[in-house]
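# Analysis of the macromolecular model
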Amino acid sequence: MSNEKVKLRQVCFSLIAFATVLKIIVLPSFVSGFAKENLWISILLNFILDGAMIFIILKISDRFKGLTFYQILIENCGEIPTKIIMCLYALYFILKAYVPILEQKSFVEIALYETTHVVWIFAPIFLISCFFSYKGLKTVGRISDLLIWVSLFAIIVLLSLSIPACDLTNLLPIAIGVPFKNVLQGSRFSLLWFFDSTYILFFIGKFKTEKLAKTKII
């Protein structure tokens with residue numbers, strides 16, 4: 001896997017295709033339980049933190065060009081601290097994946113299998129995850145070129161179906177009477193849905209750069 005390279009376009013597509021859909025089903029109603037109509041402020045705060053994290057990761061990638069995240073840790077922290085950090089890194093992604101898997105499970109069971117609960121219906125998710133782990137990042141990059149259009153189409157359809165039932169008063173800029181501490185609580189408790197920027201750490205040192213061919217004019 002160390003020799004695999006992915007294009008920058010594929011990295012962006014993978015984040016849009018896989019990370020965007022996780023913020024549509026449960027997140028809005030969850031945050032509105034704390035911040036009411038001010039939920040957009042809570043979400044904006046998390047996006048700002050996520051943007052700052054992306055900036056830091058890109059700066060690290062630019063400073064240590066060609067090195068993976070693991071190699072950067074080895075060179076700067078040593079072997080034992082690197083192993084500890086990587087274990088915490090793995091634990092973080094296990095926790096981060098827990099809530100989205102549960103909400104997708106609940107959504108499918110309630111929407112499609114309300115009367116028939118089939119445990120093995122989610123077996124393909126784990127099979128595909130194992131396939132990606134075996135084949136490496138190049139497969140993720142290639143399939144993101146395809147799934148980006150599927151995700152965008154699904155998001156457009158969901159938004160179109162929700163328009164007739166939407167309450168536009170919930171889009172008011174600021175809700176008077178909602179304490180700012182509730183906005184901060186909504187931001188804090190929804191952090192697990194954010195920080196998708198940490199996925200970029202998988203791709204550090206594996207970006208495929210296309211050099212422009214130089215032509216000589218005689």
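Heads up: these notes are all about the structure in this document.

## Considering the packing of aromatic side chains
Counted under the stated rule, the structure contains eight aromatic pairs. Considering the side-chain rings of Phe47 and Phe194, the 5.2 Å spacing of their centres and the 85 degrees angle between planes classify their relative orientation as edge-to-face. Highlighted residues: Phe47 in helix H3 (residues 39-63) and Phe194 in the loop between helix H8 (180-189) and strand E2 (207-208), separated in sequence by 147 residues. Owing to a relative accessible area of 45%, Phe47 belongs among the partly exposed residues under this scheme. Among the residues examined, Phe194 registers a relative accessible area of 0% and is labelled buried. Taken together through their ring pairs, the aromatic side chains of Phe69, Tyr89, Tyr92, Phe93 and Tyr199 make up a single cluster.

## A look at the pattern of salt bridges
Applying the stated criterion to the full structure yields three salt bridges. The residue Asp62 makes a salt bridge to Lys65 at a minimum N-O spacing of 3.7 Å. Residue class for Asp62 comes out partly exposed when judged on its relative accessible area of 47%. Residue Glu79 pairs with Lys83 through a salt bridge whose shortest N-O separation is 3.3 Å. Of this pair, Glu79 and Lys83 are both found in helix H5 (residues 79-111), four residues apart, which corresponds to roughly one turn of the helix. Its relative accessible area of 46% is what places Lys83 among the partly exposed residues.

## Here we look at the nonpolar core
In this structure, Ile57, Phe64, Phe69, Ile72, Leu73, Tyr89, Phe93, Ile200, Leu201 and Ile204 together form the largest nonpolar core, which totals 10 residues. Going through the elements one at a time, helix H4 (69-77) and H5 are the ones with two or more residues in this core. If you tally residues by element for this core, the top one is H4, at three residues. Filtering out sequence-adjacent residues up to four positions away, Ile72 remains in contact with Ile60, Phe64, Leu67 and Ile204. Leu27, Ile43, Phe194 and Phe195 belong to the second-largest nonpolar core, a separate cluster that totals six residues.

## Overview of H3
With 25 residues, H3 should reach 36 Å at 1.5 Å per residue; the first-to-last C-alpha distance of 37 Å fits that figure. The complete set of buried residues in H3 reads Ile41, Ser42, Ile43, Asn46, Asp50, Ile57 and Ser61.

## Focus on the side chain of Ser187
Among the secondary structure elements, Ser187 is positioned in helix H8. Dropping the residues within four chain positions of it, Ser187 is found in contact with Ser42, Leu45 and Asn46.

What counts as what
Residues numbered from 1 in each chain as written. Predicted model: local features only at pLDDT ≥ 70, side-chain atom pairs only at ≥ 80, totals over all residues. Heavy atoms only, no water. Phe/Tyr/Trp six-rings, centres within 6.5 Å; stacked < 30°, edge-to-face > 60°. Helix = DSSP H or I, 4+ residues; strand = E, 2+ residues; numbered from the N terminus. Buried < 20%, exposed > 50% of the residue type's maximum accessible area, 1.4 Å probe, protein only. Salt bridge = Lys/Arg side-chain N within 4 Å of Asp/Glu carboxyl O. Core = buried A, V, L, I, M, F, W, Y, C linked by side-chain atoms within 4.5 Å. Contact = heavy atoms within 4.5 Å. Expected span 1.5 Å × (residues − 1).

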